[in-house]
Amino acid sequence: MSVERLSADDRLLLLSDARWPQDVGVVAVVDGGALLDGSGRPRVEAAQKAVWHGLDAVPRLRQVLRVPPSGLGGPYWVDDPSFDLAHHVRVGPELASGDDADLLSAIERIRSRRLDMRRPLWELWLLPGFRDGRLALFVRMHHVMADGVAGVATLATLLSDEAGERPARAGEWSPRPAPSRGELLHDSLRSRGGALHGAIRAAAHPRGSYASAAQLWHGIRGLVTGAPGPVTSLGGLVGPHRRLAVVRAQLEDVEAVAHNAHVTVNDVLLAMSAGGVSALLRSRGESVDGLVVPVLVPVSLRQPDHQAGLGNRISQMAVGLPVGEADPVARLRRISAGTTSGKALPHPSMGAVFSNRVLGALVLRLIIRKRINLLSADIVGPSQPLSFAGATVRDVFPLINLLGNVTLGVGALSYAGRFELLVVADADLHPDVEVLASGAAAELASLVARVIPQRRGRGGQGSGTRRGPALATNFQAAE
């Protein structure tokens, strides 16, 4: 039988998992509807039924990760023989106040508990008590299962009633047997043989090997070379606790700014992040004059026809955020120039880089020296509203992970006409993360007023009927 091993990119994520849990996810708000009973309590059975109908489309959700004994190859996926949906779709704590801050605090309390590595690495939590009779959802999965693009595609499958329109198949699924030791050994030897063959070919054609190494270095040099980032209060080592904040905006506004300024939506997100960082540092009494702060930007290596495949296929590039630029439009243009230059470079798989121990150690040291403390990720979600168990999904916010000295993350998801940000920060280093979120919202409002023609000269929010970005934060770190 075939053995489904982790890729180099996937294995890379496991290296840091012991210290910095590598789980990602989404926070969603749905209409109560059929998901709430007469007393307002979640009908967990209805949610489990809706998820069950989508499991056939995502087999990974019924699989566990196994690490074999030494000599039998790397970690691999296998069907969970004792899969029980009740372990994965659960009811969480009721939100006492029903506002965003209460929701985000509950999310962080759940997130602080690690996923059980003995079971499939995902959970869906139902959180009752959200305002206006709505229900909040928190769906998380281990990053080793999927990157941002694949993760959103997976979650869209789970949170969609389209899968539920098929006849129920409960009881028909049966786990495939796990590979035997002999099969694992055979697969490992075959993999080693392929690696040895590649090494022999490389030794026989050193010019090709040098060319490949040079191309790999050319692809990552923008990430590791150049002057290190400035020393600011953003620096530090990520600890165990988080603070979260959300920003709601209209995708129409973001796209209009991008269109009129001849930049991308991701450039607008980076400009919002720069405005937020500027506000945060200024609130702490730090000078931002001429300050440029580097940010890590994930680059998807997925082909257009493989968007839904699981696993990780990403690279990274570093972009300078001109935090000290006073003019928001000039800041946006400088960011666009930086991303354009960065995208022109090749972007090798990070797994390929770190699969070479010598090169990986060198690159890791150089990345640490770059003092990159910020991560920004822009993910494209469904353009039409999803419906889960008969309840319309109103909001979806992506939760990205932190590790090392990357102490701040800004994740954005476009969904059904909305552009929704979830800012995640180390709670000890950034107890004032709401200042960053507020600054990001203000930056977009300023760009809307300055860049969209019909709003120029009409005040910070313009005179249009659409409201500016809304802000909500939590003010309590996990205990």
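Just above sits the structure.
Residues numbered from 1 in each chain as written. Predicted model: local features only at pLDDT ≥ 70, side-chain atom pairs only at ≥ 80, totals over all residues. Heavy atoms only, no water.

1. Some details on empty space enclosed by the protein
Across all of its chains, the model carries 4 cavities of 30 Å³ or more by this definition. Its boundaries defined by the atoms lining it, the second largest cavity holds a volume of some 60 Å³. Grouping the constituent residues of the lining of the second largest cavity by class yields 5 nonpolar, 1 polar and 3 charged. (1 Å grid on protein atoms, 1.4 Å probe; cavity = no way out; pocket = protein on both sides within 12 Å on 5 of 7 lines; lining within 4 Å. Points joined across faces, edges and corners; volume = space filled by probe spheres on them. Nonpolar A, V, L, I, M, F, W, Y, C, P; charged D, E, K, R; others polar.)

2. Quick notes on the nonpolar core
Formed by 51 residues in total, the largest nonpolar core has its most connected members in Val 257, Val 268, Leu 321, Leu 332, Leu 408, Phe 419 and Leu 421. With residues up to four places along the chain from it excluded, the contact list for Val 257 reads Val 268, Leu 332, Leu 447, Val 448, Val 451 and Ile 452. Core analysis: the next-biggest nonpolar cluster, separate from the first, contains 47 residues, Leu 121, Leu 126, Val 139 and Ile 379 among them. (Core = buried A, V, L, I, M, F, W, Y, C linked by side-chain atoms within 4.5 Å. Buried < 20%, exposed > 50% of the residue type's maximum accessible area, 1.4 Å probe, protein only. Contact = heavy atoms within 4.5 Å.)

3. Section: the pattern of salt bridges
Side chains that carry opposite charge are capable of pairing whenever their charged atoms lie near each other. Throughout the structure, instances matching the rule amount to 22 salt bridges. A salt bridge links Arg 131 to Asp 100, with the shortest nitrogen-to-oxygen separation between them at 3.5 Å. With Arg 131 in the loop between strand E6 (122–130) and strand E7 (134–142) and Asp 100 in helix H3 (residues 100–111), the pair connects residues that are 31 residues apart, well separated along the chain. When its relative accessible area of 35% is taken as the criterion, Arg 131 is described as partly exposed. When its relative accessible area of 8% is taken as the criterion, Asp 100 is described as buried. For the salt bridge of Glu 108 with Arg 111, the shortest nitrogen-to-oxygen distance reads 2.8 Å. (Salt bridge = Lys/Arg side-chain N within 4 Å of Asp/Glu carboxyl O. Helix = DSSP H or I, 4+ residues; strand = E, 2+ residues; numbered from the N terminus.)

4. So, the sheet that holds strand E5 (residues 89–91)
What the 6 strands build is an open sheet, ordered E5-E6-E7-E2-E13-E12; its pairing is mixed. Looking at the sheet topology across the chains shown, the edges are occupied by E5 and strand E12 (387–388). Bridge analysis of E12 against strand E13 (residues 391–399) gives 2 bridges, and the strand direction is antiparallel. If you follow Ser 387 over to E13, its bridge partner there is Thr 392. Running over the sheet, H3 touches strand E2 (23–31), E6, E7 and E13 and is turned about 150 degrees from E6. (Pairing = 2+ DSSP bridges. Axes fitted to C-alpha atoms, helices over the stretch in contact; angles between N-to-C directions.)

5. Side note on unusual backbone geometry
At Asp 132, a residue that is not glycine, the phi angle is positive and equals roughly 60 degrees. Counting through the fold element by element, Asp 132 comes out in the loop between E6 and E7. Not every positive phi belongs to a glycine, and Ala 389 is a case in point at roughly 55 degrees. Looking at where Ala 389 falls in the secondary structure, it is placed in the loop between E12 and E13.

6. Brief notes about the environment of Ser 446
Mapped onto the elements of the fold, Ser 446 is located in helix H12 (residues 433–451). Of the residues examined, Ser 446 reaches a relative accessible area of 24% and is grouped as partly exposed. When the C-alpha positions of Ser 446 and Val 329 are compared, they lie 8.8 Å apart, and in sequence the two are 117 residues distant.

7. Details of the packing of helix H8 (residues 265–283) against helix H9 (residues 328–343)
Taken N-terminus to C-terminus, the directions of H8 and H9 make an angle of 125 degrees; their axes are 9 Å apart at the nearest point. Relative to H9, the element H8 is oriented oblique. Considering how the two elements wind past one another, H8 and H9 form a crossing that is right-handed. In contact with Asp 267, Val 268, Leu 270, Ala 271, Ala 274, Gly 275 and Ser 278 of H8, H9 contributes Arg 331, Leu 332, Ile 335, Ser 336 and Thr 339. Classifying every residue of the contact of H8 with H9 gives 6 nonpolar, 4 polar and 2 charged. (Parallel < 35°, antiparallel > 145°, perpendicular 65-115°, else oblique. Left-handed = near helix turned anticlockwise from the far one by under 90°.)

8. What about the side chain of Arg 62?
Relative to the helices and strands, Arg 62 is located in the loop between helix H2 (44–54) and strand E3 (63–66). Take Arg 62: its relative accessible area is 3%, and that puts it in the buried class. Those residues in contact with Arg 62 that sit more than four places away from it in its chain are Trp 52, Leu 55, Asp 56, Val 78, Asp 79, Asp 80, Phe 83, Pro 120 and Trp 173.

9. Comments concerning the packing of aromatic side chains
For any pair of aromatic rings, geometry is given as the distance between the ring centres together with the angle between the planes. Applying the stated criterion across every chain, the model contains 1 aromatic pair. Between Phe 83 and Trp 173 the ring centres are 6.2 Å apart and the planes differ by 70 degrees, which places this aromatic pair in the edge-to-face class. With Phe 83 in the loop between strand E4 (76–79) and E5 and Trp 173 in the loop between helix H4 (148–158) and helix H5 (181–204), this pair connects stretches of sequence that are 90 residues apart. Judged by relative accessible area, Trp 173 falls into the partly exposed class, the value being 26%. (Phe/Tyr/Trp six-rings, centres within 6.5 Å; stacked < 30°, edge-to-face > 60°.)

10. Here we look at the environment of Val 406
Inspection of the secondary structure assignment puts Val 406 in the loop between E13 and strand E14 (408–415). Residue classification places Val 406 among the buried positions, given a relative accessible area of 8%. Placed 20 residues apart in sequence, Val 406 and Asp 426 show a C-alpha to C-alpha distance of 9.0 Å. Discounting chain neighbours no more than four positions away, the residues touching Val 406 are Val 238, Leu 296, Ile 372, Asn 373, Leu 374 and Leu 375.

11. Here's the deal with the sheet that holds E3
In space, the 3 strands of this open sheet follow the order E1-E4-E3, with antiparallel pairing throughout. Lying at the two open borders of the sheet, with one neighbouring strand each, are strand E1 (4–5) and E3. As paired strands, E1 and E4 are joined by 2 bridges and run antiparallel to one another. Pairing of Arg 5 across the sheet is with Tyr 76, part of E4.

12. Description of the pairing of strand E11 (residues 374–380)
The two faces of a sheet get side chains in turn, since along a regular strand they alternate between them. Counted residue by residue, E11 has 5 buried out of 7 residues, so it is predominantly covered. For E11 and E14, the ladder comprises 7 bridges, and the chain directions are parallel. Bridged to Leu 374 within E14 is Leu 408.

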